[in-house]
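# Geometric and topological summary
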Amino acid sequence: MGIVMMMVACSKTEEKPKTIAQQLADRLLTLQQRGYMMGHQDDPFYGVTWEYQPDSSDVKNVCGDYPAVMGFDLGGIEVGDAKNLDSVPFTRIHDEIIAHHERGGIITISWHPRNPLTGGTAWDVADTTVVASVLPGGSEFEKFQTWMKRVGDFLVTLKTKEGNPVPVIFRPWHENNGSWFWWGQKLCTDNEFHGLWCLLQDELNGRGLTNLLWSYSPNLDGGWTEERFLARYPGNERVTLIGEDAYQWGTEEEFKTALTADLAFLSDFAQKNGKLLAMTECGLKNMPDSTWWTRVLKPIMDKYPICYFHLWRNYKEEFFGPAPSLPCAADFKKLYEAENTLFLKDISE
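Right, let's walk through the structure included here. (Residues numbered from 1 in each chain as written. Predicted model: local features only at pLDDT ≥ 70, side-chain atom pairs only at ≥ 80, totals over all residues. Heavy atoms only, no water.)

### A word on the overall build of the chain
Along its length, the chain carries 12 helices and 11 strands. For the chain, the C-alpha radius of gyration of 20 Å lies close to 20 Å, the compact-globule estimate for 349 residues. With the principal axes as the frame, the chain shows a C-alpha extent of 65 × 60 × 45 Å. Within the chain, the fraction of its 349 residues that count as buried is 54%. The contacts in the chain between residues at least 6 apart in sequence include a share of 76% that link residues at least 24 apart. Carbon and sulfur atoms provide 52% of the accessible area of the chain, an area that totals close to 14800 Å². Within the chain, one finds 33 positive and 48 negative side-chain charges whose respective centroids are separated by 3 Å. (Helix = DSSP H or I, 4+ residues; strand = E, 2+ residues; numbered from the N terminus. Rg over C-alpha atoms; globule rule 2.2 N^0.38 Å. Buried < 20%, exposed > 50% of the residue type's maximum accessible area, 1.4 Å probe, protein only. Contact = heavy atoms within 4.5 Å. Areas by Shrake-Rupley, 256 points an atom, 1.4 Å probe, with all protein chains shown as cover. Lys, Arg positive; Asp, Glu negative; His and termini not counted. Charge placed at Lys NZ, Arg CZ, Asp CG, Glu CD.)

### Side note on the environment of Ile98
Examined against the element boundaries, Ile98 turns out to sit in helix 4 (residues 90-102). In this structure Ile98 comes out as buried when scored by relative accessible area, which is 13%. Distance in space between the C-alpha atoms of Ile98 and Trp293 is 29 Å, their sequence separation being 195 residues. Discounting residues that sit within four places of it in the chain, Ile98 has contacts with Leu158, Lys159 and Val166.

### Points about the packing of helix 6 (residues 141-155) against helix 7 (residues 190-206)
When two helices pack together, you describe them by how their axes are tilted relative to each other and by the distance separating the axes. Direction vectors running N to C along helix 6 and helix 7 enclose 45°, while the axes themselves pass 10 Å from each other. As summarised for this structure, helix 6 and helix 7 are arranged oblique, according to the angle between their axes. You can see that helix 6 and helix 7 cross each other, and the crossing is right-handed. The residues of helix 7 that touch helix 6, namely those facing Phe141, Phe144, Gln145, Met148, Lys149, Gly152 and Leu155, are Leu196, Leu199, Leu200, Glu203 and Leu204. Its residues placed into classes, the contact of helix 6 with helix 7 shows eight nonpolar, two polar and two charged. (Axes fitted to C-alpha atoms, helices over the stretch in contact; angles between N-to-C directions. Parallel < 35°, antiparallel > 145°, perpendicular 65-115°, else oblique. Left-handed = near helix turned anticlockwise from the far one by under 90°. Nonpolar A, V, L, I, M, F, W, Y, C, P; charged D, E, K, R; others polar.)

### Brief notes about the pattern of salt bridges
Across all of its chains, the model carries 20 salt bridges by this definition. The residue Arg295 makes a salt bridge to Glu252 at a minimum N-O spacing of 2.8 Å. You can see Arg295 sitting in helix 10 (residues 292-301) and its partner Glu252 sitting in helix 9 (residues 252-273), a full 43 residues away along the chain. Each of Glu252, Glu253, Lys256, Asp289 and Arg295 takes part in salt bridges that share partners, so that together they form one network. (Salt bridge = Lys/Arg side-chain N within 4 Å of Asp/Glu carboxyl O.)

### Regarding helix 10
Counting buried residues in helix 10 gives seven out of 10 residues, a clear majority hidden from the surface. Looking at helix 10, one finds that the buried residues are Trp292, Trp293, Val296, Leu297, Lys298, Ile300 and Met301. Angularly, the buried residues of helix 10 cover 165° about the axis, an arc narrow enough to put them on a single face. Of the surrounding elements, those touching the buried residues of helix 10 are strand 1 (36-41), helix 9, strand 7 (276-283), strand 8 (308-311), helix 11 (329-337) and strand 11 (341-342). (Arc of directions from axis to C-beta.)

### Topic: the packing of helix 10 against helix 11
Where helix 10 contacts helix 11, the axes come no closer than 8 Å and their chain directions differ by 45°. Between helix 10 and helix 11, the angle falls in the class oblique. Across the interface between the two elements, Trp292, Trp293, Thr294 and Lys298 from helix 10 touch Asp331, Phe332, Lys334 and Leu335 from helix 11. Broken down by class, the residue content of the contact of helix 10 with helix 11 amounts to four nonpolar, one polar and three charged.

### Some words on the side chain of Lys275
When you line up the elements, Lys275 lands in the loop between helix 9 and strand 7. Within the buried core, Lys275 has no salt-bridge partner, and the shortest N-O distance to an opposite charge, that of Glu237, equals 7.2 Å. A distance of 2.6 Å separates a polar atom in the side chain of Lys275 from the backbone oxygen of Val239. Once residues lying within four places of it in the same chain are set aside, the contact partners of Lys275 are Tyr233, Asn236, Val239, Thr240, Ile242 and Ala270. (Polar contact = N/O pair within 3.5 Å; in protein donor to acceptor, adjacent residues only side chain to side chain.)

Nothing here speaks to function; it is all geometry.
In structure tokens, the structure reads:
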């Protein structure tokens, strides 16, 4: 009896404390019980009519509150650029990440690296051997090692004044079931994609970045089957959040049908595999429908256990979120006022 009690006591002392990423996952799950958070890409940098004004935000200027989730991109950091692919200084990205975390918000980071084989953008898909070229034995393997190191060098700087790492939802190689990025469906084999995912994840894990919650985020499909989804899925041990990037590019009915089918499949998959679920990108470009938020998007999201939806950026002639000058502002206020939509004040109080 004494031995059993001692073994139990020992097992308790051997329990490891949760990593920052695991704590973030717990927070997302808790918040998801109350509703889903609103997110916005590049929210504090620019909007439909402004750029780089202190404490500004199109979302905040519409509804009086910041998004709960803010998204940032590291494209360009791999080649040593001072600004990312959207011309935002990395110093400013760093500071805004810290600021949003300090006020209680949640951070998500994507990475659109340039084409390491051609030097083109992430959208340069003329060559189908790019992924193979960065894997061990490939012609660009050493270059890509440097690129990944530079990503890690930035991520390790994301710390509070007390020196604590900032929790981050990290979302690389997204929309891989499309073929518009050099890591897309027709640009590499399933095995090559798995190799790419593991190469980056192992590199960053090797840097001790236990604050990264990894999100696997394909594009809107409309016809997922388990076999097709699993073909590129990195595995349960490598993914904590399953996302989907879902824009309305075609008709409203096409979008509603595809999104409903996908969220039904993904919510079932996430539940069976113990994963979080989110709409990691979404929106309707330039919002030609002033009632789209509450009439099209919200009724679908209400049916499924997503923890957040993330609108893409607002930038002059291309915008996906609300702004005071847009006809959709009134409808977005209705979205904000809904009990199950969570903004910064809802998650930081």
